[in-house]
Amino acid sequence: MEYLEAKNKFISTWGSLGSLWGINKAMAQIQALLFISTKPLSMEEIMEDLKISRGNTSMNLRQLMDWGIVTKTLVAGERKEFFTTEKDVQELARIVAVERSRREIKPVVKVLEEVSTIKDDGTAKTKELIKQTKALHELTETMDIMINKLVNQKQNWITKSLLKLFK
């Protein structure tokens, strides 16, 4: 496989996997292109390489910057905006985990807490709802706390050990 074929295959695959970490295909493809780029890229270079519109590129770059995954970079002598992404895969995973927790898990924990603390009217169905949602709330909250503690460790021995378990 030559470079161009491998590059396109990587970007396409990363784009498909984007939904697993909570972003759309174009957003993931932009991040993938920046991830393997040897230099910061302008919006025009991203548009041309991925064959996507200016609006789509602009909107997705903005979202990637909101996630903290992509940053604007100044290039000496250039008036255009250039973009780069986090190159450290473990830091990238940390950023994604923290952001997904903030956007997805914490709102669910809040709803589960609210639902599990309703007034018990003594009926079997209410007792079951409280019991099950309380158990789910405790599990979700505990897992979120554990994940946040894990990802907030900057490559300490625990993180390295845990990462080895999954290799």
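Residues numbered from 1 in each chain as written. Predicted model: local features only at pLDDT ≥ 70, side-chain atom pairs only at ≥ 80, totals over all residues. Heavy atoms only, no water.

Going by an unreviewed UniProt entry, the protein chain carries the name HTH-type transcriptional regulator and comes from Olleya sediminilitoris. UniProt annotates the protein chain under Sequence similarities (unreviewed entry) with the comment "Belongs to the GbsR family." (UniProt positions renumbered as here; feature names shortened; annotations may be inferred.)

Explain the sheet that holds strand β1 (residues 41–42) residue by residue, including any values.
Pairing in this open sheet of three strands is antiparallel, and the strands run β1-β3-β2 from one edge to the other. Because the sheet does not close on itself, it has two edges, and the strands there are β1 and β2 (70–73). Where β2 meets strand β3 (residues 82–85), four bridges bridge the pair, whose relative direction is antiparallel. Considered in β3, the bridge of Lys72 is made with Phe83. (Pairing = 2+ DSSP bridges. Helix = DSSP H or I, 4+ residues; strand = E, 2+ residues; numbered from the N terminus.)

Please set out a nonpolar patch on the surface residue by residue, giving values where relevant.
On the surface, Leu139, Met143, Met146 and Ile147 cluster together to form a nonpolar patch covering roughly 370 Å² of accessible area. As for its position among the elements, Met146 is in helix α6 (residues 124–151). (Patch = residues over 30% accessible without salt bridge, like charges linked within 9 Å, V, L, I, M, F, W, Y side chains within 5 Å. Areas by Shrake-Rupley, 256 points an atom, 1.4 Å probe, with all protein chains shown as cover. Salt bridge = Lys/Arg side-chain N within 4 Å of Asp/Glu carboxyl O.)

Got a sec to walk through the pairing of β3? Specific residues and values, please.
Bridge count between β1 and β3: two bridges; the pairing is antiparallel. Looking at the pairing, Ser42 lines up with Phe82 of β3.

Tell me about the packing of helix α3 (residues 43–50) against helix α4 (residues 54–67), and please be specific about residues and values.
The N-to-C vectors of α3 and α4 enclose an angle of 115°; their axes lie 10 Å apart at closest approach. For the pair α3 and α4, the crossing hand works out as right-handed. Only Arg54, Thr57, Ser58 and Leu61 of α4 make contact with α3, whose side of the interface consists of Met43, Glu44, Ile46 and Met47. When grouped by side-chain class, the residues that make up the contact of α3 with α4 number four nonpolar, two polar and two charged. (Axes fitted to C-alpha atoms, helices over the stretch in contact; angles between N-to-C directions. Left-handed = near helix turned anticlockwise from the far one by under 90°. Contact = heavy atoms within 4.5 Å. Nonpolar A, V, L, I, M, F, W, Y, C, P; charged D, E, K, R; others polar.)

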